[in-house]
Amino acid sequence: MLSVENTKQWLTLFTALLIENKAYLSELDTAIGDGDHGNNMARGATALNEVLESKNPEDIPSLLKLIGMTLVSKVGGASGPLYGSAFISMAKVSQENTDLSVLLQAGLDGIQKRGNATAGEKTMVDEWIPIIQAVKEKKLTIELIEESVQKTKNMKATKGRASYLGDRSIGHIDPGAMSSSYLFKTMIEAGVYDE
Ligand code: ADP
Ligand code: MG
């Protein structure tokens, strides 16, 4: 269950993982993109840490909206607007419902509305879909989060920059799926997901 406190904790853990893995995420993006995913996300992470310290949103919708707006304005690349849309959609839905699977589903809808990717196109969507399903069934595990990222390896990219490579995109993990895996791991760690 989300609270203002554990959502802040979630984001703090997420930004720490992004900063820690900046070089690795960019390395993944070098193989099938332009090598900036780690830098993009780390820039967003730093901005998020600043904003979470300076502003003090007191309810879940304002907190999620602040996160989304910060990601849209600071991350850049394709992933900024995608992650931003996810949090802004979650913010909207959270005015009515704070059930985690409902929120994450709204987040995925936001990503798909913006980026038009469906399952199997080797994007962050391939990480979000199985994780939401598992949250709905109360079966989310770290193993599933990791396995789902690995499954993007054998996919051929048909959306985003990696799609320019065609078949040559096969054999590499999708960087956005990897950064999304950090989002979901820290969601467990912060106790936002509880069985
Ligand atoms: P850019 O591709 O503009 O350099 P990033 O490198 O920050 O942006 O982000 C790349 C990631 O964005 C990809 O690994 C993929 O997961 C995600 N992505 C790109 N296009 C889409 C899309 N249309 N829908 C969902 N995710 C996408
Ligand atoms: Mg890139």
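First, a word on what this report is: a plain description of the structure on this page. In this text the structure is predicted, and so the values were computed from the model without any measurement.

Reading the values: the criteria
- Residues numbered from 1 in each chain as written.
- Chains lettered and ligands numbered in written order.
- Predicted model: local features only at pLDDT ≥ 70, side-chain atom pairs only at ≥ 80, totals over all residues.
- Heavy atoms only, no water.
- Near = heavy atom within 4 Å.
- Polar contact = N/O pair within 3.5 Å; in protein donor to acceptor, adjacent residues only side chain to side chain.
- Areas by Shrake-Rupley, 256 points an atom, 1.4 Å probe, with all protein chains shown as cover.
- 1 Å grid on protein atoms, 1.4 Å probe; cavity = no way out; pocket = protein on both sides within 12 Å on 5 of 7 lines; lining within 4 Å.
- Sits in = over half its atoms within 2 Å of the grid points.
- Helix = DSSP H or I, 4+ residues; strand = E, 2+ residues; numbered from the N terminus.
- Points joined across faces, edges and corners; volume = space filled by probe spheres on them.
- Phe/Tyr/Trp six-rings, centres within 6.5 Å; stacked < 30°, edge-to-face > 60°.
- Buried < 20%, exposed > 50% of the residue type's maximum accessible area, 1.4 Å probe, protein only.
- Donors = N, O, S within 2.8 Å, 3.2 Å for Na, K, Ca; no water.
- Salt bridge = Lys/Arg side-chain N within 4 Å of Asp/Glu carboxyl O.

### Looking at the site of ligand 1
- Around ligand 1 sit 19 residues in total, of which Asn40, Ala78, Ser79, Gly115 and Asp174 are the nearest.
- Met124 is positioned such that a nitrogen or oxygen atom in its backbone is 3.0 Å from an oxygen atom of ligand 1.
- Its free accessible area being 560 Å², ligand 1 has 92% of it covered by the protein chains.
- Most atoms of ligand 1, that is more than half of them, are within 2 Å of grid points of the largest pocket.
- Where the shell around ligand 1 is concerned, the elements lending two or more residues are helix 3 (37-54), helix 5 (79-93) and helix 9 (175-189).
- Per-element accounting of the shell around ligand 1 gives the leading share, three residues, to helix 9.

### Some thoughts on the layout of surface pockets
- Here the largest pocket defines a volume of roughly 520 Å³.
- Lining of the largest pocket is provided by 27 residues; of these, Ala78, Ser79, Leu82, Gly160 and Arg161 occupy positions nearest its centre.
- For the lining of the largest pocket, the secondary structure elements donating two or more residues are helix 2 (22-32), helix 3, helix 5, helix 6 (100-115) and helix 9.

### Description of the packing of aromatic side chains
- Enumeration over the complete set of coordinates arrives at three aromatic pairs.
- Between the aromatic rings of Trp128 and Phe184, the centroid separation amounts to 5.1 Å while the plane-to-plane angle is 80 degrees, which identifies the pairing as edge-to-face. Residue Trp128 is found in helix 7 (residues 125-136), and its partner Phe184 is found in helix 9; the two are separated by 56 residues along the sequence. A single burial state applies to Trp128 and to Phe184, both of which are buried.

### Some words on the coordination of the magnesium ion (ligand 2)
- For the magnesium ion (ligand 2), the full set of protein donor atoms is Asp29 (OD), Asp34 (OD) and Asp36 (OD), and the range of their distances to it is 2.1 to 2.2 Å.
- On the primary sequence, the residues serving as donors to the magnesium ion (ligand 2) are separated as D-x4-D-x1-D.
- On the accessibility criterion, Asp34 (38% relative accessible area) is partly exposed.

### Describing the pattern of salt bridges
- Counted under the stated rule, the structure contains five salt bridges.
- A salt bridge links Lys139 to Glu137; the shortest N-O distance between them is 3.7 Å.
- The exposure class assigned to Glu137 is partly exposed, which follows from its relative accessible area of 40%.
- The salt bridge partner of Asp167 is Lys156, with a shortest N-O separation of 3.3 Å. Taken together, the residues span a long stretch of sequence, with Asp167 in the loop between helix 8 (142-151) and helix 9 and Lys156 in the loop between helix 8 and helix 9 at a distance of 11 residues.

Any functional reading would require information beyond the geometric quantities listed.
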